[in-house]
Amino acid sequence: MSWRDLFSARATRRTFLRGGALGAAAATLPLELQAMPKRSASLRLPFEPLPPSKADEFLVAKGYRQQVLLRWHDDLGNGTFGCDPDFTAFMPIDLLEHGFDLTRAHAGYAPRNASSSEGLLVVNHEYVDPRFLQKGADQHTEVGMSVSHIVRKDERWQLVKDRRLNRRYDARTEFRLTGAAAMIDGGPIAIGTFANCSGGVTPWGTVLSCEENFQDFLEGGLEWDPKIYARRHYGWIVEIDPYDPAATPRKHTAMGRMRHENVGIRVGHDGTVVAYMGDDKRDSCVYKFIADRKLRDPRDRAANLAILESGRLYAADFSTGRWILLDSSAEALADSRKTAIDAGATPVDRPEDLEIHPRDGSVFIAMTNNALHGNFYGHIVRLVERNDDPAATEFEWSVFATGGPQSGFSCPDNLLFDDAGNLWMCTDVSNDSVGRGIYSFLGNNSLFYLPRDYQGGAVYRFAVGPIECELTGPCWTPDGSTMFIAAQHPGGHSAELETKGPTSHWPDGGNAMPRGAVVAITGFRTL
């Protein structure tokens, strides 16, 4: 049975029809006629939902405050903030002193009493747009990751220009490959990281970054020397230690090579560490990595730093509800998609973000879309492991939410839970399609809220990004009072830049060139 048949069987007939023929019809309505999907009269929301917007500004719900914290080219005191931010992770400055709460994957495993007013903000820099580069800038230093020391004073966040902790990992940085494919193509040293999309946080205080569309750099006409950048040194999960600038950053080959979007980590009752991953490509697979080493003592950081260096890689067969164990040889790991498909795993519709529900441990998967099979709006899948065991080889799954005009969202991407189990979701309609054609009902890409008792139907818009941007990488402070979120590639469809200028001038306004930036949103009740 194909993924198309599986998906149709799991979606109710009413949902499927509304997302199909009726959804296409609704998409032709004027924006103002489809602005606000109706909500249940009995539902109490923590904010008044926003209507769609096509304005060149960042909007948040009434009663909340937003502040542009870091933007492209900002001086960190030790390097500059990179291009097009994606994933963000707030690492409390005192996390290693307080230890870890294994029930709070959605909060980076930080306990509630860890600092929510000072920390290290780790940010991925996914793309580089040569059209917007400053004169004389080196594109190799615009990508990768940044670590920034930030503090909250007088209700505002600000950068601390800390030359010891602030730093960049870019296309010039040396990384060490680990695992079965460590020696591939001249390893174990790999030069640089790029195409860093989303990521994850470990319960030992490190940050994981996912190398996604590396082929855009190696094949896209940019000046990347193949003698330096061996093709199979990219497409891995990267691990850095934000608290130790001297630590060697690593790429873990045991976790497979693919177009990684993110990684969601769950710890079993016996200390088994499991990482869930998706391959952001049409007709690609969902994966699970089970580490060989267990998390015996979260405080034993020296031992835990090696946990992701070896383990078993599985891929999901949605037709049988089974995890398929994959070949762990170097060549097989280096082409994980082919290995998974050959083994019988199910190709699905662009699996991007995978996140762990804080109350029941189920896995939520954003299936962004697949136009090749008529899935223009995408959906979210919920996966439940047998006996609530993350190391199980069997699972059940269902369609949790379906995109389209009937629900008000399209192309789900980055996901974030709060302590109560409410789901926050960023949309990712491509910058050449967002707000146009069948996506007109959405307006600009947005951040939506799905209540914990969501049973289908409408979702609720909390924030809207500027023109042609994608909202990415939301994360919390430990107490839930601040959400950090990135606005990536505003004005990304500025096709006639030389004659008409950019389509966006956010965040600086006026005639300024657009710059991707991280925004701090405050006003939330603490978790």
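These notes cover the structure that comes with them. What you see is a predicted model; the values in this text were computed from it and never measured. (Residues numbered from 1 in each chain as written. Predicted model: local features only at pLDDT ≥ 70, side-chain atom pairs only at ≥ 80, totals over all residues. Heavy atoms only, no water.)

What follows concerns unusual backbone geometry. That bond from Gly 187 to Pro 188 is cis: its omega, 15 degrees, falls within 30 degrees of zero. For the peptide bond that leads from Trp 506 to Pro 507, omega is 5 degrees, which places it in the cis range. Mapped onto the fold, Pro 507 is located in the loop between helix 9 (497-500) and strand 31 (517-522). Even without being a glycine, His 489 presents a positive backbone phi close to 40 degrees. Of the residues examined, His 489 reaches a relative accessible area of 13% and is grouped as buried. (Helix = DSSP H or I, 4+ residues; strand = E, 2+ residues; numbered from the N terminus. Buried < 20%, exposed > 50% of the residue type's maximum accessible area, 1.4 Å probe, protein only.)

Turning next to the environment of Asn 124. Tracing the sequence through the fold places Asn 124 in strand 4 (residues 118-125). Taking relative accessible area as the criterion, Asn 124 reaches 0% and is therefore assigned buried. Residues Asn 124 and Arg 293, spaced 169 residues apart in sequence, show a C-alpha to C-alpha distance of 27 Å. Here Asn 124 is in contact with Asp 84, Pro 85, Asp 86, Phe 87, Gly 144, Met 145, Asn 196, Cys 197, Ser 198, Gly 199, Ser 209 and Cys 210, once residues within four sequence places are set aside. Only 3.0 Å separates the side chain of Asn 124 from the backbone oxygen of Ser 198, close enough to count as a polar contact. (Contact = heavy atoms within 4.5 Å. Polar contact = N/O pair within 3.5 Å; in protein donor to acceptor, adjacent residues only side chain to side chain.)

Further remarks concern the side chain of Thr 482. Mapped onto the elements, Thr 482 comes out in strand 30 (residues 482-488). Among the polar contacts made by the side chain of Thr 482, one reaches the side chain of Arg 152 at a distance of 3.4 Å. In this view, Thr 482 contacts Arg 152, Trp 157, Cys 475, Trp 476, Thr 477, Ala 520, Ile 521 and Thr 522; residues no more than four positions away in its chain are not counted.

All chains considered together, the criterion is met by 28 aromatic pairs. Relative to Tyr 229, the ring of Phe 194 has its centre 5.8 Å away and its plane inclined at 75 degrees; by these criteria the two rings are edge-to-face. In this pair, Phe 194 sits in the loop between strand 9 (189-191) and strand 10 (196-201) while Tyr 229 sits in the loop between helix 5 (215-218) and strand 12 (237-240), placing the two residues 35 residues apart along the sequence. Centroid distance Tyr 276 to Trp 323: 6.3 Å. Interplanar angle 50 degrees. Geometry classified as tilted. Residue Tyr 276 is found in strand 15 (residues 272-279), and its partner Trp 323 is found in strand 19 (residues 322-325); the two are separated by 47 residues along the sequence. (Phe/Tyr/Trp six-rings, centres within 6.5 Å; stacked < 30°, edge-to-face > 60°.)

Picture the strands of a sheet paired through backbone hydrogen bonds; they go either parallel or antiparallel. Spatial strand order, 2-31-30-29: 4 strands in an open sheet with antiparallel pairing. Both outer strands of the open sheet, strand 2 (65-71) and strand 29 (470-476), are each paired with one neighbouring strand and no more. When strand polarity is set aside, the average angle formed by the axes of neighbouring strands in this sheet is 25 degrees. One ladder, built from 6 bridges, connects strand 2 with strand 31; its direction is antiparallel. By the bridge assignment, Gln 66 is partnered in strand 31 with Ile 521. (Pairing = 2+ DSSP bridges. Axes fitted to C-alpha atoms, helices over the stretch in contact; angles between N-to-C directions.)

Overall, the coordinates contain 28 salt bridges when judged by the stated rule. Across the salt bridge formed by Asp 185 and Arg 232, the nearest N and O atoms sit 2.9 Å from each other. In this pair, Asp 185 sits in the loop between strand 8 (174-178) and strand 9 while Arg 232 sits in the loop between helix 5 and strand 12, placing the two residues 47 residues apart along the sequence. Its relative accessible area of 37% is what places Asp 185 among the partly exposed residues. Between Arg 386 and Glu 394 there is a salt bridge, and its shortest N-O distance comes to 2.5 Å. (Salt bridge = Lys/Arg side-chain N within 4 Å of Asp/Glu carboxyl O.)

Grouped together as the largest cluster of nonpolar side chains are 47 residues, with contacts concentrated most on Met 91, Val 263, Tyr 287 and Phe 289. Apart from residues lying up to four places away in sequence, Met 91 is in contact with Gly 119, Leu 120, Val 122, Val 201, Gly 205, Thr 206, Val 207, Pro 242 and Tyr 243. Of all hydrophobic cores here, the second largest spans 26 residues; its members include Tyr 449, Phe 462, Cys 469 and Leu 471. (Core = buried A, V, L, I, M, F, W, Y, C linked by side-chain atoms within 4.5 Å.)

Moving on, we come to the sheet that holds strand 23 (residues 379-385). With respect to topology, 4 strands assemble into an open sheet ordered 21-22-23-24, the strand pairing being antiparallel. Two strands in the sheet have a free side with no partner beyond their single neighbour: strand 21 (351-356) and strand 24 (395-402). On average, each strand axis in the sheet is tilted by 25 degrees relative to the strand beside it, whichever way the strands run. The pairing of strand 23 with strand 24 spans 7 bridges and is antiparallel. Residue Val 384 lies in a different strand from strand 24, and its bridge partner there is Glu 396.

Purely spatial values, then, with no claim about function.
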